[in-house]
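A look at the structure
Letter by letter, the chains look like this.
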Amino acid sequence: MILITGSFTVSDYFNGTHEQVRQSARKFIATHVLPYIDDWEEAGEFPRELYKKAGDAGLLGVGFPESLGGVGEGDVFMKVAVSEELMRSTSGGLVAGLGSLDIGLPPVAKWARPEIKEAIVPPVLRGEKIAALAVTEPGGGSDVASLKTRAVRDGDHYIVNGSKTFITSGIRADHYTVAVRTGGEGHGGISLLLIDRDMPGFSTGKKLRKMGWWASDTAELFFEDCRVPANRLIGAENAGFIAIMSNFLFERLSLSIMAYMTAEIALEAAMAWAGQRQAFGRPVKGFQVTRHKLVDMATQVDVAREYTYRCAALMQAGKNPIKQVAMAKNFAVDVCEKVTREAVQIHGGMGYMRESVVERLYRDGKILSIGGGTDEIMKELIAKQMRL
């Protein structure tokens, strides 16, 4: 059963606690983000203090262990509820930047040494520090098994040399979960190291300018004989690839959520515009072609959302739905691209203006077919699961 209440969906997937958390996230966005988001988008960043405000509101800790300052560990739908409401900011960049801990911190919380996780995780969840994930390299994106950044053991340290690119929160993160090669070629020689921004030999490049996600800072990272204490190894040496793949499952679910929410917000904007915009003596929605277009858009959004919920339910049940999550990501991203394009078209010339929210949504949506594994990589992953 699905019941639309206000501007969010209550279904059998969500309980009362989830809705309380949702309302908290909605209030946070309405109070601390929506009045300023247009200015932050134009500035290309949002204030660092927003992390602290989000931490104080309890939003950053959702999904992490209570022992480390989190709440709702293992509760996938609590995370879904918060993620949906954060997307109401209308800025994928803000959500990506504020949420970079969701891909950078889980390996630390799960596999780092106790003294390291206890020192690193709580301040990040409080919004006092920022965490990021650094996997992608200039020479390869989705081909994680071929990464080149090398870490060589030297007594009580690793010496790291190499570079990373397209790193979300790359400029201002305090801690980076970095994929490095400690062994031979292929996925069996990859490890994860936790590297701080003030470690000798580490530096960041200039902020990268992007087509969308303007409010997030994205950067290159450089390691030149960077000395990293050996106790910063996350998990076992040469076992990093498994941790990265484990991380990808939730990242791809999150990107699916971002995709259908981007589409949903664009649909709502298109419906509002079609109701108020006059053409040939009547509202634009008075034309059958527009109504049918909006119906098709709504159908696509609903199906994308419901299938993503099904994937979340499988994860909640302890399953490992690699194929289904990859399918959800590809489908939701395709819906996002189609719906945002149609929303711009319904707006006409206004849809091409920066003051229109659908213009931002259209730009922001494109990265979702690339991040977390491209559409093509997802199809290969699905084919492998189908034993094709």
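Residues numbered from 1 in each chain as written. Predicted model: local features only at pLDDT ≥ 70, side-chain atom pairs only at ≥ 80, totals over all residues. Heavy atoms only, no water.

Now for the overall build of the protein chain. Within the protein chain one finds 13 helices and 12 strands. Taking 388 residues into account, the globule formula puts the C-alpha radius of gyration at 21 Å, and the protein chain, at 21 Å, falls close to it. Overall, the C-alpha framework of the protein chain stretches about 80 × 45 × 40 Å when taken along its three principal axes. Buried residues in the protein chain amount to 53% of all 388 residues. Residue pairs in contact within the protein chain that sit at least 24 positions apart in sequence constitute 74% of those at least 6 positions apart. Total accessible area computed for the protein chain in this model is approximately 17,300 Å², and 54% of it derives from carbon and sulfur atoms. (Helix = DSSP H or I, 4+ residues; strand = E, 2+ residues; numbered from the N terminus. Rg over C-alpha atoms; globule rule 2.2 N^0.38 Å. Buried < 20%, exposed > 50% of the residue type's maximum accessible area, 1.4 Å probe, protein only. Contact = heavy atoms within 4.5 Å. Areas by Shrake-Rupley, 256 points an atom, 1.4 Å probe, with all protein chains shown as cover.)

This paragraph deals with the confidence of the model for the protein chain. Scored by pLDDT, the protein chain comes out at a mean of 94, with 97% of its residues at no less than 70. Scored below 50 in pLDDT, residues 1-9 makes 26 contacts in the model with residues more than four places away or belonging to other chains. (pLDDT = per-residue confidence, 0-100.)

Once that is clear, we can look at the layout of surface pockets. By volume, the second largest pocket is sized at about 610 Å³. What lines the second largest pocket is a set of 23 residues, among which Gly63, Gly74, Lys110, Phe250 and Met315 lie closest to the centre. With 5 residues, helix α9 (residues 240-276) is the largest single contributor of residues to the lining of the second largest pocket. Across the lining of the second largest pocket, the residue classes tally to 9 nonpolar, 7 polar and 7 charged. (1 Å grid on protein atoms, 1.4 Å probe; cavity = no way out; pocket = protein on both sides within 12 Å on 5 of 7 lines; lining within 4 Å. Points joined across faces, edges and corners; volume = space filled by probe spheres on them. Nonpolar A, V, L, I, M, F, W, Y, C, P; charged D, E, K, R; others polar.)

So, about the pattern of salt bridges. Scanning the entire structure with this criterion turns up 24 salt bridges. Of the charged contacts in the structure, one is a salt bridge between arginine 354 and glutamate 42, with a shortest N-O distance of 2.7 Å. Pair noted here: arginine 354 is in the loop between α11 (322-347) and α12 (357-365) and glutamate 42 is in helix α2 (residues 37-43), with a separation of 312 residues, a long-range link. Since its relative accessible area comes to 48%, arginine 354 is described here as partly exposed. Ionic pairing is found between aspartate 102 and lysine 79, a salt bridge with its closest N-O pair at 2.9 Å. Taken together, the residues aspartate 102 in helix α6 (residues 101-104) and lysine 79 in helix α4 (residues 76-86) connect sequence positions 23 residues apart. Exposure remark for lysine 79: the relative accessible area of 7% places this residue in the buried category. Residues participating in the shared-partner salt-bridge network are Glu19, Arg22, Arg26, Glu84 and Glu85. (Salt bridge = Lys/Arg side-chain N within 4 Å of Asp/Glu carboxyl O.)

Turning our eyes to something else, we now look at the pairing of strand β6 (residues 175-181). Buried residues dominate β6, accounting for 7 of its 7 residues. Burial along β6 is two-sided: His175, Thr177, Ala179 and Arg181 and Tyr176, Val178 and Val180, pointing in opposite directions, are all buried. In this structure, strand β3 (residues 131-134) lies alongside β6, joined through 4 bridges in parallel fashion. Within the sheet, the bridge partner assigned to alanine 134 lies in β6 and is valine 178. Bridge count for β6 against strand β7 (residues 190-196) is 7 bridges, and the pairing is antiparallel. Paired with alanine 179 across the two strands is leucine 192, which belongs to β7. (Pairing = 2+ DSSP bridges.)

The pairing of strand β4 (residues 150-154) with strand β5 (residues 157-168) spans 5 bridges and is classified as antiparallel. Each residue of the ladder has a partner; that of arginine 150, found in β5, is asparagine 161.

On the secondary structure map, glycine 372 appears in the loop between α12 and α13 (375-385). For glycine 372, a relative accessible area of 10% corresponds to the buried category. Each C-alpha atom, one on glycine 372 and one on leucine 253, is 9.6 Å from the other, the two residues being 119 residues apart in sequence. Excluding anything up to four places from it in sequence, glycine 372 contacts Phe248, Glu251, Arg252, Leu255, Lys329 and Met378.

Residue position: serine 89 is located in the loop between α4 and α5 (92-98). Taking the C-alpha atoms as reference points, serine 89 and tyrosine 36, separated by 53 residues in sequence, lie 9.8 Å from one another. If near-sequence neighbours (up to four positions away) are discounted, serine 89 is found in contact with Ile29, Val33, Leu34, Ile37, Leu94, Val95 and Arg360. Polar contacts involving the side chain of serine 89 include one to the main-chain amide nitrogen of serine 91, which spans 3.2 Å. (Polar contact = N/O pair within 3.5 Å; in protein donor to acceptor, adjacent residues only side chain to side chain.)

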